[in-house]
Amino acid sequence: MRFFCIAATHFVPNYAALFQVSDTEIFFNDKEFLFTSKPYFLRLFLPCEVTEVADECATYDSDAGTFKVSVPKKNVGEFFPRLAMITELLTPKGLDRVKDPVSELCDDQEVYGYQHLPSEESFTGDGYGFANRRVSVLSHLRDEITLLFDFPDPDSHSNEERKRMLTEKETEKFSDEHYLFDFFNDEIQTFLDFETPWSSGCGQGDDVTFSMDECDRMKNLPKRRIRLNKAETSVVVRSLVDIMFAYVYDFVTTLGEHSVESGWTIRSLCATFSGLVSWNSVHEAVLSAIRRSICYPLYRNLKLSTFVFKNVVNIFNAGN
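The structure reproduced in this document is the subject of the present report. As the structure is a prediction and not an experimental result, all values here were calculated from the model. (Residues numbered from 1 in each chain as written. Predicted model: local features only at pLDDT ≥ 70, side-chain atom pairs only at ≥ 80, totals over all residues. Heavy atoms only, no water.)

**Quick word on the side chain of Asp 182**
Inference 1: Residue position: Asp 182 is located in helix H4 (residues 176-183).
Inference 2: In this structure, Asp 182 is buried with no salt-bridge partner, the nearest side chain bearing the opposite charge being Arg 300 at 5.6 Å.
Inference 3: A polar atom in the side chain of Asp 182 sits 2.6 Å from the backbone nitrogen of Arg 300. (Helix = DSSP H or I, 4+ residues; strand = E, 2+ residues; numbered from the N terminus. Buried < 20%, exposed > 50% of the residue type's maximum accessible area, 1.4 Å probe, protein only. Lys, Arg positive; Asp, Glu negative; His and termini not counted. Salt bridge = Lys/Arg side-chain N within 4 Å of Asp/Glu carboxyl O. Polar contact = N/O pair within 3.5 Å; in protein donor to acceptor, adjacent residues only side chain to side chain.)

The structure is reproduced here in C-alpha cells:
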C-alpha cells in the first residue's frame, strides 16, 4: 500500500490494490487519520488539526486502484509542515520512531493498531518473516490473513507442518485437464520466445549496468544494517529462490508488463509468501516453485517453468 499527502488540495490519496471497497472505513479528526480496508491498515498522525465532515469525502478510481480522501483543515489556510516525511506521519506523537511490532514494544508504551507483545504461551510453531524473526504476530488477524496465506493460524504450526499442508493443497489443486490443455497451448511458445533482460545472462560484476531511474530508486532505498548469523543468512538466501521465480514467471507471462493480477500470481507461486515457510535447501525451494507453477497460475506448463528457472539462474549468476 502506498500513500502521499497534498496539503494544498486537502487530499490524502491512497494506493491499495485488490481489496473490497465495501469493507473500507475512513476516519479523521483532530490530528489523526485512519484508513482501513482488508487487508490494509493505515494510521497517520498529522502535524496540524483536521475536522470531520458530514458529506461524502472520498472517491475511488477502480482503474488506478486509488482512493482520494478530502480531509478539510480545521483552520483553513493553515500550513501543514513535513507531509513528505512518511515515517513521522506513521509515528505516534511522543515516540521517536515507529516501534517494531515484536521486539521493541514495552508494556508501558501506548500501543496503536494491532501491535502487541506476544506471550510465550501463545506461540507453538516456528518463526516466519524475514530470517524467521517474527513469532505470533498473526494470530489476532485471522480474518484478514485468509486473503493472504494458504491456511489459517500459521502460528500454531511448525515450519515442517506448514510445508506438509502446502504440499497437500498443491496435490488437491493440480488439474490434469488444465495441465494437458497448456501442454498443447500455442500461446506458451510466445512466452518461451520472449526475450527477457536475463534470457542470455545478465553479465557479472562491472558488466551489469543500471538505468538512471534504477540508480535513483536504489539511492532512495532506506539504509539499514541488518545483522544475521550464519543460519539466518542461509534462510534469507534460500527464500530468494522462490521469490525470484514467482517474479520472473509473472514478468514472462505478462510479456514484461505486470498486471493487476501480478500480486496474486507472485503470492500464489511463492510458498515463502503464501505459506510462511523457510527452506532447508535450494533444491527444496526450486521444487516447490515449479510444483506451484503447474498448480495455481493461468499458464501451467513445465517447459515454461523451466524457462523461468533458467532466467532466475542467470539473475543469480550475475551477482557472483
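**Points about the environment of Ala 58**
Inference 1: When you line up the elements, Ala 58 lands in strand S5 (residues 58-61).
Inference 2: Looking at Ala 58, the relative accessible area reads 27%, which means it is partly exposed.
Inference 3: Residues Ala 58 and Val 69 lie 11 residues apart in sequence; the distance between their C-alpha atoms is 4.3 Å.
Inference 4: Beyond its immediate sequence surroundings of up to four residues, Ala 58 is in contact with Ile 26, Phe 67, Lys 68 and Val 69. (Contact = heavy atoms within 4.5 Å.)

**Observations regarding the packing of aromatic side chains**
Inference 1: Taken as a whole, this structure holds 8 aromatic pairs when the rule is applied.
Inference 2: Arranged with centres 5.0 Å apart and planes meeting at 80°, the rings of Phe 183 and Phe 184 form a pair that is edge-to-face.
Inference 3: Arranged with centres 4.8 Å apart and planes meeting at 70°, the rings of Phe 191 and Tyr 299 form a pair that is edge-to-face. Taken together, the positions of Phe 191 in helix H5 (residues 187-192) and Tyr 299 in the loop between helix H10 (282-293) and helix H11 (302-317) put the pair 108 residues apart, joining distant regions of the chain.
Inference 4: Accessibility expressed as a relative area gives 2% for Phe 191, which makes it buried.
Inference 5: Overall, Tyr 299 belongs to the buried group, its relative accessible area being 14%.
Inference 6: Taken together, the ring pairs connect Phe 194, Trp 198, Tyr 247 and Phe 251 into an aromatic cluster. (Phe/Tyr/Trp six-rings, centres within 6.5 Å; stacked < 30°, edge-to-face > 60°.)

**Digging into the environment of Val 236**
Inference 1: Note that Val 236 resides in helix H7 (residues 230-253).
Inference 2: Using a relative accessible area of 15% as the deciding quantity, one classes Val 236 as buried.
Inference 3: Distance in space between the C-alpha atoms of Val 236 and Phe 130 is 6.8 Å, their sequence separation being 106 residues.
Inference 4: If near-sequence neighbours (up to four positions away) are discounted, Val 236 is found in contact with Phe 130, Ala 131 and Leu 228.

**Looking at the packing of H7 against helix H8 (residues 262-269)**
Inference 1: With their axes 8 Å apart at the nearest point, H7 and H8 run at an angle of 140° to one another. Judged by the angle between their axes, H7 and H8 are oblique. Seen along the crossing, H7 lies across H8 with a hand that is right-handed. Residues Ala 246, Tyr 247, Tyr 249 and Asp 250 of H7 form the contact with H8, whose participating residues are Ser 262, Thr 265, Ile 266 and Leu 269. (Axes fitted to C-alpha atoms, helices over the stretch in contact; angles between N-to-C directions. Parallel < 35°, antiparallel > 145°, perpendicular 65-115°, else oblique. Left-handed = near helix turned anticlockwise from the far one by under 90°.)

**Quick look at the nonpolar core**
Inference 1: Membership of the largest hydrophobic core comes to 30 residues, with the highest contact counts inside it found for Val 248, Val 252, Leu 304 and Val 308.
Inference 2: Every element with two or more residues in this core is listed here: helix H3 (159-173), H5, H7, H8, H10 and H11.
Inference 3: Considering each element in turn, this core owes the most residues, 7 residues, to H7.
Inference 4: Those residues in contact with Leu 304 that sit more than four places away from it in its chain are Ile 188, Phe 191, Leu 192, Tyr 249, Val 252, Thr 253 and Tyr 299.
Inference 5: Membership of the second largest hydrophobic core comes to 15 residues, among which are Leu 42, Leu 46, Val 71 and Leu 89. (Core = buried A, V, L, I, M, F, W, Y, C linked by side-chain atoms within 4.5 Å.)

**Brief notes about the pairing of strand S6 (residues 66-70)**
In summary, the side chains of a regular strand alternate between the two faces of the sheet.
Inference 1: Residue alternation in S6 divides its side chains into a buried set, Phe 67 and Val 69, and an unburied set, Thr 66, Lys 68 and Ser 70.
Inference 2: With 4 bridges joining them, S5 and S6 adopt antiparallel strand pairing. Across the sheet, the residue bridging to Thr 59 is Lys 68, located in S6. (Pairing = 2+ DSSP bridges.)

**Overview of unusual backbone geometry**
Inference 1: The backbone of Asp 30 sits at a positive phi, close to 55°, despite the residue not being glycine.
Inference 2: Inspection of the secondary structure assignment puts Asp 30 in strand S3 (residues 25-37).
Inference 3: You can call Asp 30 partly exposed: its relative accessible area is 42%.
Inference 4: Despite not being glycine, Ala 131 has its phi angle at roughly 60°, a positive value.

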